[in-house]
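# A structural walkthrough
Spelled out from the first residue to the last, the chains are:
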Amino acid sequence: MALNVTDTLGRPLRSLRISVTDRCNFRCAYCMPKEVFGRDYRFLPRRLLLTFEEITRLATIFIAHGVEKIRITGGEPLLRRDVERLIEMIARLDGLGDLSLTTNGSLLARKAHALRNAGLQRVTVSLDSLDDAVFKGLNDVDFSVERVLEGIEAARAAGLFPIKINMVVKRGVNDDSVLPMARHFHGTGYVLRFIEYMDVGTTNGWRLDDVVPAAEIIERIEAELPLEPVDPSYRGEVARRYRYTDGGGELGVIASVTQPFCGDCTRARLSAEGRLYTCLFAGAGHDFRSPLRQGKSDEEISELLRNVWTARQDRYSEIRTSETVSWPKVQMFRIGG
Ligand code: SAM
């Protein structure tokens, strides 16, 4: 039986995102712009990354404290060598209801079967446009839409289903792609999710004017493809769900900027070097790698986790919406969105 821990706002710990690398093969301007993450950028050396055994040990402890869902992310998680071995180790753990992975899709065609065989249940694939010029402009490494679509198809064929497709929307950059994306995925069973463009600190030059509010995204789609809201499927679901009234499936919007959802956030994030973040916007994480490597017992690490979670009071997105405050830096590339 899980030891339920709740934070200062009564929120339980239910979901864990595990970043397995800080590296990515894309240079999306809104996340890891080339000017910052160029040739000279120093990514983490391998010895500082948690090993698969360390990750699995932490995952076991988190599950014992109420975690039911684990998502593997990055950086680009499929760049981590033998990541399917980690999936296999985590998939074996008792008490886990959902094991998923978020990817840019670039290596999915090659890896989908191995991931499925290792026990991965489903994937979320990021794709910001169907227009090759727009997409290449965003990923900044000349990667084509076609290859991501092949990855998505390979995931479906391997049985990694349902598949979600994440599109970050930035005004004047890819907002013209909203409707074509909705049309393309309508009726396919894939669940498209539009994400409001978020501030990643000093690296992406974020301005509120660049954000296309979720309400506007819905309005644009609804003008052509009528929608109705759907109730959340569980507490803490980040996407607001809608269904096409013609039976063409579902879509979601993640309105982190205009309609923050901190009140229901049950999510923790573990960075590749073993720091635990209790909020995407938390400026600093709590070090779990040192206690692991100092030989601390499971009980000592559990106590550390309980101390961090019970002291948790983050609700940065809500505070930011209501006040003008100096804002901690999002570590999107480090802790995986
Ligand atoms: N490389 C993987 C991928 O592309 O999905 C996983 C890591 S990526 C950081 C996770 C998600 O965060 C992606 O869907 C990405 O589009 C989203 N993301 C990154 N920067 C963002 C930003 N500034 N605003 C909103 N979403 C962002």
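For the structure given in this document, a descriptive report is provided here. (Residues numbered from 1 in each chain as written. Predicted model: local features only at pLDDT ≥ 70, side-chain atom pairs only at ≥ 80, totals over all residues. Heavy atoms only, no water.)

To continue, consider the overall build of the protein chain. Assigned secondary structure in the protein chain consists of 11 helices and 12 strands. For the protein chain, the C-alpha radius of gyration of 19 Å lies close to 20 Å, the compact-globule estimate for 337 residues. Its C-alpha atoms put the protein chain at 55 × 45 × 45 Å along the principal axes. By the burial criterion, 55% of the 337 residues in the protein chain qualify as buried. Counted over contacts in the protein chain with a minimum sequence separation of 6, partners at least 24 positions apart contribute 72%. Of the roughly 14700 Å² of accessible surface on the protein chain, a fraction of 48% belongs to carbon and sulfur atoms. For the protein chain, the centre of its 47 positive side-chain charges and the centre of its 46 negative side-chain charges are spaced 5 Å apart. (Helix = DSSP H or I, 4+ residues; strand = E, 2+ residues; numbered from the N terminus. Rg over C-alpha atoms; globule rule 2.2 N^0.38 Å. Buried < 20%, exposed > 50% of the residue type's maximum accessible area, 1.4 Å probe, protein only. Contact = heavy atoms within 4.5 Å. Areas by Shrake-Rupley, 256 points an atom, 1.4 Å probe, with all protein chains shown as cover. Lys, Arg positive; Asp, Glu negative; His and termini not counted. Charge placed at Lys NZ, Arg CZ, Asp CG, Glu CD.)

It is worth spelling out helix H6 (residues 178-185) at this point. Taken as a whole, H6 has its buried residues at Val178, Met181, Ala182 and Phe185. Summarising the axial view, the buried residues of H6 lie within an arc of 100°, below the 170-degree limit, and thus occupy one face. Buried residues along H6 sit in contact with helix H5 (145-158), strand E5 (164-169), strand E6 (191-196), helix H7 (214-222) and strand E8 (240-244). One or two steps after H6, the chain reaches Gly187, where phi turns positive at roughly 80°. (Arc of directions from axis to C-beta.)

Turning our attention to the packing of helix H3 (residues 108-118) against H5. The axes of two packed helices give the description: the angle between them and the distance between them. Across the interface, H3 lies against H5 with an axial gap of 8 Å and an inter-helix angle of 20°. It follows that H3 is roughly parallel to H5 by the angle criterion. As for how H3 packs across H5, the hand of that crossing is right-handed. Contact with H3, carried on its side by Leu108, Ala109, Ala112, His113 and Arg116, involves Glu150, Gly151, Ile152, Ala154, Ala155, Ala157 and Ala158 of H5 and no other residues of that element. (Axes fitted to C-alpha atoms, helices over the stretch in contact; angles between N-to-C directions. Parallel < 35°, antiparallel > 145°, perpendicular 65-115°, else oblique. Left-handed = near helix turned anticlockwise from the far one by under 90°.)

Attention now moves to unusual backbone geometry. Here the residue pair Phe161 and Pro162 is connected by a cis peptide bond, since its omega of 0° sits within 30 degrees of zero. Residue position: Pro162 is located in the loop between H5 and E5. A positive phi angle, close to 60°, is found at Asp82, a residue other than glycine. On the secondary structure map, Asp82 appears in the loop between strand E2 (69-73) and helix H2 (83-91). Residue class for Asp82 comes out partly exposed when judged on its relative accessible area of 42%. One non-glycine residue, Asp142, lies in positive phi territory at about 65°. Locating Asp142 in the fold gives a position in the loop between helix H4 (132-139) and H5. Overall, Asp142 belongs to the exposed group, its relative accessible area being 58%.

Bringing the environment of Asp140 into the picture now. Considering the arrangement of structural elements, one finds Asp140 in the loop between H4 and H5. The partly exposed category is assigned to Asp140, whose relative accessible area is 31%. In this structure the C-alpha to C-alpha distance between Asp140 and Pro33, which are 107 residues apart in sequence, comes to 8.4 Å. Not counting the four nearest positions on each side in its chain, Asp140 is found in contact with Arg27 and Lys34.

Counting 100 residues, the largest nonpolar core has Ile70, Ile72, Ile90, Phe194 and Ile221 as its most contacted members. Residue contributions to this core peak at 7 residues, all from helix H1 (residues 52-64). Other than its neighbours up to four places away in sequence, Ile70 contacts Leu16, Ile18, Ala59, Ile63, Ile90, Leu96, Asp98, Leu99 and Ser100. (Core = buried A, V, L, I, M, F, W, Y, C linked by side-chain atoms within 4.5 Å.)

For the rest of this paragraph, the subject is the pairing of E6. Burial analysis of E6 places 6 of its 6 residues in the buried class, which makes it a mostly covered element. Every second residue of E6 is oriented toward a common face, with Val191, Arg193 and Ile195 on one face and Leu192, Phe194 and Glu196 on the other, all of them buried. Taken together, E5, H6 and E6 constitute a β-α-β crossover, and its handedness is right-handed. For E6 and strand E9 (residues 250-254), the ladder comprises 4 bridges, and the chain directions are parallel. Note that in E9 the partner of Phe194 across the bridge is Val253. (Right-handed = clockwise from strand over helix to strand, strands pointing away. Pairing = 2+ DSSP bridges.)

A separate point is the side chain of Asn166. If you trace the backbone, Asn166 turns up in strand E5. At 3.2 Å, the side chain of Asn166 and the side chain of Arg193 are in polar contact. Asn166 has contacts with Thr124, Val125, Ser126, Leu127, Asp128, Arg193 and Ile195, leaving out every residue within four places of it along the chain. (Polar contact = N/O pair within 3.5 Å; in protein donor to acceptor, adjacent residues only side chain to side chain.)

In the vicinity of the ligand there are 21 residues, among which Tyr30, Gly75, Thr102, Ser126 and Met198 approach most closely. A distance of 2.9 Å separates a nitrogen atom of the ligand from a polar backbone atom of Gly75. Between the ligand and Thr103, the relevant distance is 3.4 Å, taken from an oxygen atom to a main-chain nitrogen or oxygen of the residue. Every element with two or more residues in the shell around the ligand is listed here: strand E3 (98-103), E5 and E6. Grouping the constituent residues of the shell around the ligand by class yields 8 nonpolar, 11 polar and 2 charged. (Near = heavy atom within 4 Å. Nonpolar A, V, L, I, M, F, W, Y, C, P; charged D, E, K, R; others polar.)

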